[in-house]
Amino acid sequence: MALGASRSRMPTWLCWSSGAVQSDEESVSPGRAAVPRSRSLRPRCFSKGRRVARQPTAAITTPTLLGGGSPGGKLRVRGPTAQVFTSPTSRTIAGSPAVPTPGSRLCVIPGEAYTRTASMTLDVVIFQMSCDKLCIRTIHVAYTDPDGQQQKNSESGYNCSILVPAASTDVRVSFSVVGGRRVYKVDRGQRHAPYVKDAQGSYMLEEFVYASKPRQHMQYFVTGTSLTSWVSEVDERERSENLLQMLSRDFRCIRSMHVSYTDSKGARQQWSGTGAKVKCHLHSDVTDLEVTFSVVGGSTVRKVDRRDPEMPWVQDANGQYPQEKFVYKSCPGFVLYEICGSSLRPRISNIVEHCDGQELDQQPDQFVLAAGNCSDSPTLFAVPLDQVPAIGGLVDLQQPHSEHLLPAEVALFEPTQSELFQGGTGARLIFLNTALTQAENHALGEFHRLLASRGIGGTAGDFPGYMEPHALRMLQANKFNVSRAADLMKSMVKERMQRLPIAEADVLDDLRKGFIYWHGRDKKCRPCCVIKLGSLGEMARDKERAVRTAIFTLEYALRFAMVPGRVENWVVIIDLENLSNVVSPWHMSSMLATGQAIGNTLEKVYCGRTAWLKIVNMPGGGILGRAINSLIPPEKKDKVSFPQDLKAEIGVHFEGHQLELRYGGSAPDLEPEATYPFHFFPNCRGVQGDHAEASSMSDWEHRNAGDISLHQSTTLEFHQGMLWDESSEQCRDRWANRAKTCSLTPQSSQALLQITGGDPVQPCRDLASWMEIMKVTTTSSRRLQLEAATPEARCEDVLGGEVVVVSL
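Residues numbered from 1 in each chain as written. Predicted model: local features only at pLDDT ≥ 70, side-chain atom pairs only at ≥ 80, totals over all residues. Heavy atoms only, no water.

Enquirer: Whenever I open this one, the overall build of the protein chain confuses me. Can you help?
Expert: Per the secondary structure count, the protein chain includes 18 helices and 31 strands. Counting the 808 residues in the protein chain, one finds 54% classified as buried. By sequence separation, contacts in the protein chain at least 24 residues apart represent 69% of the contacts at least 6 residues apart. In the structure as shown, the protein chain presents an accessible area of about 33900 Å², 52% of it carried by carbon and sulfur atoms. (Helix = DSSP H or I, 4+ residues; strand = E, 2+ residues; numbered from the N terminus. Buried < 20%, exposed > 50% of the residue type's maximum accessible area, 1.4 Å probe, protein only. Contact = heavy atoms within 4.5 Å. Areas by Shrake-Rupley, 256 points an atom, 1.4 Å probe, with all protein chains shown as cover.)

The following block contains the structure:
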């Protein structure tokens, strides 16, 4: 099978051994000698896990001990601010704590929580049980505490931990299945791990006995069914150590795991291990981890899209297949990498990760209120492709947003007919949170039927989540040819989905080269994208870097700067200044290929978003411009132009302070390194007393419409919007009720009333209504007003729960 071809995905939750290959596991810590052990070839089951962004925790109060103050009791965190988290792999099962991690709290029973701080300061031993999802198990720990009292603790779930005082003696650990039977002993020293019988021929219960103090962290991996569960592996490590493990799911070749990290002294360290099962124990304070894999005598392990059941190879814009690499800023508590495939086509088929003491296997809430820098959670894009959000994917944002990223005048903008459709009667520009025509609904119905015939979206041909709001855009871009629109779906997966999520740190240096950036909005509130091909630099010869930077930039606007039903388009200025001087003639072909890749991203991946495109500083003057203009399709000629008088042809679309001086505005020209974070400005519409919403906005709101940003009070769902698909009753029912809770224009609210009937839906035309719809708290409302207040009135004091504004 050629590299890049699709393959059937083998089950990730069960693997039986085949052949008679004997392999050893390698259990190694950096600086620790290798300890070879025979591995078991019985079925092993591990649940799928996903990373979850760290959540804030409440202040830690002084822990007390349950069970009459016995040191062997459970830790309880008391106080009104205590928070309860569930275990890393349980589905909100009470009494299922996870591995303690720094700053996290782990649930024992409702109202109780463990802390990593307590486990690190108290001299305790952690007994952890990690299971597959075939059934729920219970770990039982019996011991004699330092006071000589007999203690017993039990916890049930998929991933549970029990903390025992280190001075305890006669510790006994056993396991059982909830609703099943006890876990019996197997011989893990033999390949097939047969059950162990006593002298009378009876099966023996699996029990681990520690007469003296065991290692600080004992982790037991339990697998199998409710009737045949067994302990497949035991890992012993210090409490300050974390575990990275590679597990071979077949024995077609020998693989290696490579770990690069920065130790506590700031020195860069390298580690490698080879075998069918490889363990790496790392100290919890290591940072900047990079984990890669290779095959002995074969190739490196390359990246596949695990969200697709067929797990196709990922191909970048340069036509290369990138190496599979996992990067962590801090060391995760436990990660299991399952690897399979031949020596020439190996792949990571599944990843199980426990970190931060949080639930990793639950479905994440895609639409939580944004906060701080409003980064998306990586877990939103670790789900199957049909569940991936249609916008977003920017993670670990550290740079601040513009203070005017989403002002009220943009959130409340009401488009006219010429802004809904090009020129009033041309191509549609606004697709979401608005009524569609009969012809458009008919085309959507044809699209549904085509997808159903291809086995996509079930019998109804439901649109996958990543393209649902974009379906009509894709149809219009392909002149309502449903077959070509379906092909565009594949391009969207390859060009956008396989690159997301993108961490800011991965593209930060390229963002500050000034090659592509946002600067202000035009008079119709549409953000302006500036593309300077002369600033590509090294990216001119690396299409993948250029495309990733472009996708990050364009996705930023969709995620934070757009308002469905009101502002859904951007405008583009392509600057070719100094292009011939900065690009060598020998590299001109690669630069053109990179430019074509960026154009493909704008035209296909983000189709229907460009309201107009101006190409300036064209080499060769008007002659080359006319030659290029002759190649533009007739239906797109009204969008593309080659202005000569920039102030008259570009500046007329903007308020002066929104546009750089070099393009006909009055804002200072930016140096490349100053283009990110992106620049937005207030009052993009200027002083317009006749705009639609002026009559319904209060004096304060109208005066400060551009002086505050609302982006920290929006959700991903708000920016994603909804396509009002009426091609069938089933499609309409999916969005009709939710649409009533959206921020709608008067035209959309009237259309929704005609579609659904019932009580009238009030349009959102003022800031108070918008905050009510978004459920912005009174405190946030006051904060917004204070931010928009005059400088001399921004000194505030909080007395008795009231905000007192003091004049300076």
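Enquirer: Would you mind showing me how to read the pairing of strand β8 (residues 137–144) here?
Expert: Taken residue by residue, a regular strand's side chains alternate between the two faces of the sheet. Within β8, 6 of the 8 residues are buried, which leaves it mostly tucked inside the rest of the structure. The pairing of β8 with strand β9 (residues 150–157) spans 8 bridges and is antiparallel. By the bridge assignment, T144 is partnered in β9 with Q150. Taking the residues between adjacent antiparallel strands as the criterion, β8 and β9 are bridged by 5 residues, where G148 takes a positive phi near 85°. Relative to strand β11 (residues 169–177), β8 runs antiparallel, the two sharing 7 bridges. (Pairing = 2+ DSSP bridges.)

Enquirer: Any chance you could explain the environment of G148 here in plain terms?
Expert: Note that G148 resides in the loop between β8 and β9. In this structure the C-alpha to C-alpha distance between G148 and T169, which are 21 residues apart in sequence, comes to 8.8 Å.

Enquirer: Hey, could you run me through the packing of aromatic side chains in this one?
Expert: What characterises a pair of aromatic rings is the spacing of the ring centres plus the angle enclosed by the ring planes. Taken as a whole, this structure holds 20 aromatic pairs when the rule is applied. Grouped by ring-pair contacts, the aromatic residues F552, Y556, F560, Y676 and F678 constitute a single cluster. The lysine or arginine in question, K133, covers the ring of Y158, its NZ or CZ lying 4.6 Å from the ring centre. Positioned above the aromatic ring of W612, the side-chain terminus of K614 is 5.0 Å from the ring centre. (Phe/Tyr/Trp six-rings, centres within 6.5 Å; stacked < 30°, edge-to-face > 60°. Lys NZ or Arg CZ within 6 Å of the ring centre and 35° of its normal.)

Enquirer: Would you explain the sheet that holds strand β20 (residues 326–330) in this entry?
Expert: For sheets, the rule is that strands pair by backbone hydrogen bonds, running either parallel or antiparallel. In spatial order, the strands read β17-β16-β19-β20; together these 4 strands make up an open sheet with antiparallel pairing. Two strands bound the open sheet, and with one partner strand each, they are β17 (268–275) and β20. Averaged over all adjacent pairs, the angle separating strand axes in this sheet is 20°, with direction ignored. Pairing of strand β16 (residues 255–262) with β17, which is carried by 8 bridges, proceeds in the antiparallel orientation. Across the sheet, V259 pairs through a bridge with W271, a residue of β17. (Axes fitted to C-alpha atoms, helices over the stretch in contact; angles between N-to-C directions.)

Enquirer: Mind showing me how you'd approach the pattern of salt bridges here?
Expert: When the charged atoms of two side chains with opposite charge come close together, those side chains can pair. The final tally for this structure, using the stated rule, is 27 salt bridges. A salt bridge links R188 to E206, with the nearest nitrogen and oxygen atoms 2.8 Å apart. Here E206 lies in the loop between β11 and β12 (207–210) and R188 lies in the loop between β11 and β12, a separation of 18 residues in the sequence. The class of R188 is partly exposed, set by a relative accessible area of 21%. (Salt bridge = Lys/Arg side-chain N within 4 Å of Asp/Glu carboxyl O.)

Enquirer: Would you mind going over the packing of helix α4 (residues 438–453) against helix α6 (residues 482–495) with me for this structure?
Expert: Any two packed helices are characterised by how steeply their axes cross, that is the angle between the axes, and by the distance between the axes. At a minimum axis separation of 10 Å, α4 and α6 run at an interaxial angle of 65°. The chirality of how α4 crosses α6 is right-handed. The residues of α6 that touch α4, namely those facing A443, E446, F447, L450 and L451, are V482, S483, A485, A486 and M489. Residues belonging to the contact of α4 with α6 are distributed by class as follows: 8 nonpolar, 1 polar and 1 charged. (Left-handed = near helix turned anticlockwise from the far one by under 90°. Nonpolar A, V, L, I, M, F, W, Y, C, P; charged D, E, K, R; others polar.)

Enquirer: Please explain the environment of E290 as it appears in this structure.
Expert: Position of E290 among the secondary structure elements: in strand β19 (residues 287–295). Note on E290: relative accessible area 31%, which makes it partly exposed. Put simply, E290 and V259 are 31 residues apart on the chain and 5.7 Å apart in space, counted from C-alpha to C-alpha. Apart from the residues within four sequence positions on either side, E290 is in contact with H258, V259, S260, R268, K325, F326 and V327.

Enquirer: Whenever I open this one, the nonpolar core confuses me. Can you help?
Expert: The nonpolar side chains of soluble globular proteins are, as a tendency, buried together. By size, the foremost hydrophobic cluster in this structure holds 112 residues, and its most contacted members are F447 and W570. Counting residues per element, this core draws most heavily on helix α8 (residues 543–561), which supplies 11 residues. (Core = buried A, V, L, I, M, F, W, Y, C linked by side-chain atoms within 4.5 Å.)

Enquirer: Looking at this model, I keep getting lost on the environment of I351. Mind explaining?
Expert: Within the secondary structure layout, I351 lies in strand β22 (residues 347–354). Since its relative accessible area comes to 16%, I351 is described here as buried. Placed 105 residues apart in sequence, I351 and M246 show a C-alpha to C-alpha distance of 9.6 Å.

Enquirer: Sorry, what's going on with unusual backbone geometry here?
Expert: Negative phi values dominate among residues other than glycine, just as trans dominates among peptide bonds. Cis geometry marks the peptide bond from L500 to P501; its omega dihedral reads 0°. Counting through the fold element by element, P501 comes out in the loop between α6 and β24 (502–503). For the peptide bond that leads from Y676 to P677, omega is 5°, which places it in the cis range. Phi angles above zero are rare outside glycine, and A193 is one such case at about 45°. Positionally, A193 belongs in the loop between β11 and β12. What makes A193 buried here is its relative accessible area of 0%.

Enquirer: Looking at this structure, how should I read the packing of helix α7 (residues 504–511) against α8?
Expert: Running from amino to carboxyl end, α7 crosses α8 at an angle of 105°, the nearest separation of the two axes being 10 Å. If you check the angle between α7 and α8, you find them roughly perpendicular. Every residue of α8 that contacts α7 at E504, D506, V507, D510 and L511 is listed here: R545, R548, T549, F552 and T553. (Parallel < 35°, antiparallel > 145°, perpendicular 65-115°, else oblique.)

Enquirer: Any chance you could explain the confidence of the model for the protein chain here in plain terms?
Expert: Residues shown with low pLDDT carry predicted positions that ought not to be read at fine detail. Within the protein chain, residue pLDDT values average 76, and 72% of them lie at 70 or more. Averaged pLDDT values over the elements of the protein chain bottom out at 30 in strand β3 (residues 64–65) and peak at 96 in strand β25 (residues 516–521). Low confidence marks residues 31–121, where pLDDT is under 50. Its contacts with residues over four positions away, or in another chain, come to 293 contacts. This stretch, residues 689–706, has a pLDDT under 50; its non-local contacts, to residues over four places away or in other chains, come to 36 contacts. (pLDDT = per-residue confidence, 0-100.)

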